[in-house]
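For reference, the chains in residue letters:
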Amino acid sequence: MGLMGASFALALKKARPDVTLVGSDPNPLVVRKALEREIVSSANTDLTVVAMADLVFVGAPINALRQVFAGLAALGTAPLVTDMAGTKAAVEEWAAAEGLDFVGGHPMCGKEVSGIDHADASMYQGAPWVLTRDEPRLSELVEAVGANPVVLDAITHDRLVAGVSHAAFLLSVGYVLALSGRKDWPEASRLAAGGFRDMSRLAAGEPDLYAGVVRTNRQNIVEMLDAVTAELARLRRHIEADDPRLIELFEEARAVRERWAKGS
């Protein structure tokens, strides 16, 4: 019941008051907060409370999923299980190994902060929510919280998000490290404003979460970083040569961004 799980519970409670929500979190403080704030009607630090569920949304980080799946399998019940992790192929393999009835899920939204204290019922509004199987019971709840279900197989999902999500985080990290490693960073940091704030935002994400993402999508991410490196090299060549065609690359990128913004 961290950021993603608690936000989903809050949104679903508001949209579907007929649905009974229960929760589990290994942190007893989180369990207490969830009950005190009435985010769920029942909660515990183990998975016993989950035994009564028809649907299970797992909001745990990738690095914890195998342990959670093993715990769910040990309950001996057979609910439909989905997750919220940033990669899907490896996660589906882990779920299959435990014999779970599993549909991979990935809501394309989030915040740089984490934890139940930052839970936000509006976070899923308008967000694409990938499901690796067309499952009406899940799609209904996804739509109830304002998200848009998108059915994609796990392999395609991992390839696409390597570009639109994972590489963006790594570029943000690389940018921050390049700047902070310069001798003049103390002086430059005093001038950092909107541009730095926008480019560095993703680097403020939870390190453990992204470590799991990178570990389970290495090949796709490396291919995407190679593509970005090639474009940076092209920009560098234009700049070094004082090539007037540099502005054409700027215009092309702006046009792509504007088309995406109009269609999103």
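You'll find the structure just up there.
No experiment lies behind these values; they were computed from the predicted model shown. (Residues numbered from 1 in each chain as written. Predicted model: local features only at pLDDT ≥ 70, side-chain atom pairs only at ≥ 80, totals over all residues. Heavy atoms only, no water.)

Asks: I'm lost on the sheet that holds strand β5 (residues 101-103) in this one. Help?
Replies: Paired through their backbone hydrogen bonds, the strands of a sheet run either parallel or antiparallel. The parallel open sheet is built from 3 strands, whose spatial order is β3-β4-β5. Here the strands that pair on one side only, and so sit at the sheet edges, are β3 (55-58) and β5. The mean inter-strand angle of the sheet, taken between neighbouring strand axes irrespective of direction, is 25°. Where β3 meets strand β4 (residues 80-83), 4 bridges bridge the pair, whose relative direction is parallel. The residue of β4 that forms the bridge with Val56 is Val81. (Pairing = 2+ DSSP bridges. Helix = DSSP H or I, 4+ residues; strand = E, 2+ residues; numbered from the N terminus. Axes fitted to C-alpha atoms, helices over the stretch in contact; angles between N-to-C directions.)

Asks: Please explain helix α1 (residues 3-15) as it appears in this structure.
Replies: Each α-helix winds once per 3.6 residues, and so residues spaced three or four apart point in a common direction. Taking 1.5 Å per residue as the helical rise, α1 with its 13 residues ought to reach 18 Å, and the 18 Å between its terminal C-alpha atoms agrees with that figure. Among all positions in α1, only Leu3, Met4, Gly5, Ala6, Ser7, Phe8, Ala9, Ala11 and Leu12 are buried. Close packing links the buried residues of α1 with β3, β6 (105-107), β7 (128-131) and α5 (136-144). (Expected span 1.5 Å × (residues − 1). Buried < 20%, exposed > 50% of the residue type's maximum accessible area, 1.4 Å probe, protein only. Contact = heavy atoms within 4.5 Å.)

Asks: What's the story with the pairing of β4 in this structure? I'm lost.
Replies: On a regular strand, one side chain projects to one face of the sheet and the next to the other, so that they alternate. Of the two faces of β4, the one holding Leu80 and Thr82 and the one holding Val81 and Asp83 are both buried throughout. Relative to β5, β4 runs parallel, the two sharing 3 bridges. The partner of Leu80 across the bridge, within β5, is Asp101. Once you follow β4 into helix α4 (residues 89-97) and on to β5, the crossover reads as right-handed. (Right-handed = clockwise from strand over helix to strand, strands pointing away.)

Asks: Looking at this structure, how should I read the packing of helix α3 (residues 62-74) against α4?
Replies: Axes are the key here: two packed helices are described by the angle between their axes and the distance separating the axes. Closest axis-to-axis distance for the α3/α4 pair is 9 Å, and the angle between their directions is 15°. Considered as vectors, α3 and α4 are oriented roughly parallel to each other. At the point where α3 passes α4, the crossing takes the right-handed sense. In this structure, α3 uses Ile62, Leu65, Arg66 and Phe69 to contact α4, whose residues at the interface are Val91, Trp94 and Ala95. A per-class count over the contact of α3 with α4 returns 6 nonpolar, no polar and 1 charged. (Parallel < 35°, antiparallel > 145°, perpendicular 65-115°, else oblique. Left-handed = near helix turned anticlockwise from the far one by under 90°. Nonpolar A, V, L, I, M, F, W, Y, C, P; charged D, E, K, R; others polar.)

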